[in-house]
Amino acid sequence: SAVISQKPSRDICQRGTSLTIQCQVDSQVTMMFWYRQQPGQSLTLIATANQGSEATYESGFVIDKFPISRPNLTFSTLTVSNMSPEDSSIYLCSVPHRLGYGYTFGSGTRLTVV
Amino acid sequence: AQSVTQLDSHVSVSEGTPVLLRCNYSSSYSPSLFWYVQHPNKGLQLLLKYTSAATLVKGINGFEAEFKKSETSFHLTKPSAHMSDAAEYFCVVSDRFGNEKLTFGTGTRLTIIP
């Protein structure tokens, strides 16, 4: 399966600031996905990022709050903008397995906003 | 539209006894179904996947799941629980026809009693 390097692994941020999360994949992938896992909750898809096109956002998520970059087939960033304590969550990136066997997830970024 | 319902938010079993984690799905097309496990402060790990081959799917660590179309179910089982199985388990559905987004269930927390 693909290997994903996600960073930072955790951060504590002040409200009103922004944090950019990076995901680097060891192989080229067309689609990358960004998820949020709020404390004690399941994962919710934020957006799908395809290289060369605008990210597609799910209901309840907007580009101004969660801008995404996808400059090439192995890299993507998610920015959490103008943070509030409600943004405290684990953020994960994911890519389809190269052989079609499931999906691989990054180790996650645990964000705490104070 | 696709959705998945995990019928139990918390399951407790004694070490050495069988495990059953229940999942029902809804999908407009032939679905792909997955079970993922998340250990405390760890990333998501794929346990097994169903993609229209054999209806009984064997995964890692002795887990298996049976796809039952008539019951729209994909329950996860293990004959004998081990202490290391204590974790959060997520049932996940993906629409295989041009839509690779994953929809996660709300999760089942498995506790193993010594």
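Going by the structure above, here's the rest.
Cut-offs applied
- Residues numbered from 1 in each chain as written.
- Chains lettered and ligands numbered in written order.
- Predicted model: local features only at pLDDT ≥ 70, side-chain atom pairs only at ≥ 80, totals over all residues.
- Heavy atoms only, no water.
- Disulfide = S-S within 2.5 Å.
- Helix = DSSP H or I, 4+ residues; strand = E, 2+ residues; numbered from the N terminus.
- Buried < 20%, exposed > 50% of the residue type's maximum accessible area, 1.4 Å probe, protein only.
- Contact = heavy atoms within 4.5 Å.
- Buried area = accessible area lost by both parts, 1.4 Å probe.
- Salt bridge = Lys/Arg side-chain N within 4 Å of Asp/Glu carboxyl O.
- Polar contact = N/O pair within 3.5 Å; in protein donor to acceptor, adjacent residues only side chain to side chain.
- Nonpolar A, V, L, I, M, F, W, Y, C, P; charged D, E, K, R; others polar.
- Pairing = 2+ DSSP bridges.

**Student:** Outline the state of the cysteines, supporting the account with residue identities and numerical values.
**Tutor:** All names here are of chain A. Inspection of the entire model under this criterion finds two disulfides over all chains. Here Cys23 pairs with Cys93 through a disulfide, and the sulfurs are 1.8 Å apart. One disulfide, between Cys23 and Cys93, carries an S-S torsion of -90° and so falls in the left-handed class. On the criterion of sequence distance, the pair formed by Cys23 in strand 3 (residues 19-25) and Cys93 in strand 9 (residues 89-96) is long-range, its members being 70 residues apart. The class of Cys93 is buried, set by a relative accessible area of 0%.

**Student:** Describe the interface of chain A and chain B, naming the residues involved and giving the relevant values.
**Tutor:** Between chain A and chain B, the contact holds 19 residues from the first and 17 residues from the second. In total, chain A and chain B occlude about 1,500 Å² of area from one another, counting both sides; carbon and sulfur atoms represent 55% of this. Joining chain A to chain B, the criterion identifies zero salt bridges. Here chain A is connected to chain B by three residue pairs in polar contact (both at pLDDT 80 or more). Elements supplying a minimum of two residues to the side of chain A that touches chain B: strand 4 (31-37), strand 5 (43-50), strand 9 and strand 10 (103-105) of chain A. Ranked by the residues each element gives to the side of chain A that touches chain B, the list is headed by strand 4 of chain A, at four residues. In terms of residue class, the side of chain A that touches chain B is made up of ten nonpolar, seven polar and two charged.

**Student:** How would you explain the pairing of strand 7 (residues 68-72) of chain A if you had to name every residue and give the values?
**Tutor:** Residues and elements named next belong to chain A. Where strand 7 lies against strand 8 (residues 75-80), three bridges are found, and the strand directions are antiparallel. From the neighbouring strand, Ser69 faces strand 8, where its bridge partner is Thr77. Counting the residues between successive antiparallel strands, the hairpin from strand 7 to strand 8 contains two residues.

**Student:** Before we move on, can you summarise the environment of Leu33(B) with the specific residues and values?
**Tutor:** Residue and element names in this part refer to chain B. Here Leu33 is to be found in strand 5 (residues 31-38). Taking the C-alpha atoms as reference points, Leu33 and Arg109, 76 residues apart in sequence, are found 19 Å from one another. Excluding residues within four positions of it along the chain, Leu33 makes contact with Tyr25, Leu48, Lys49, Tyr50, Phe67, Phe74, Val92 and Val93.

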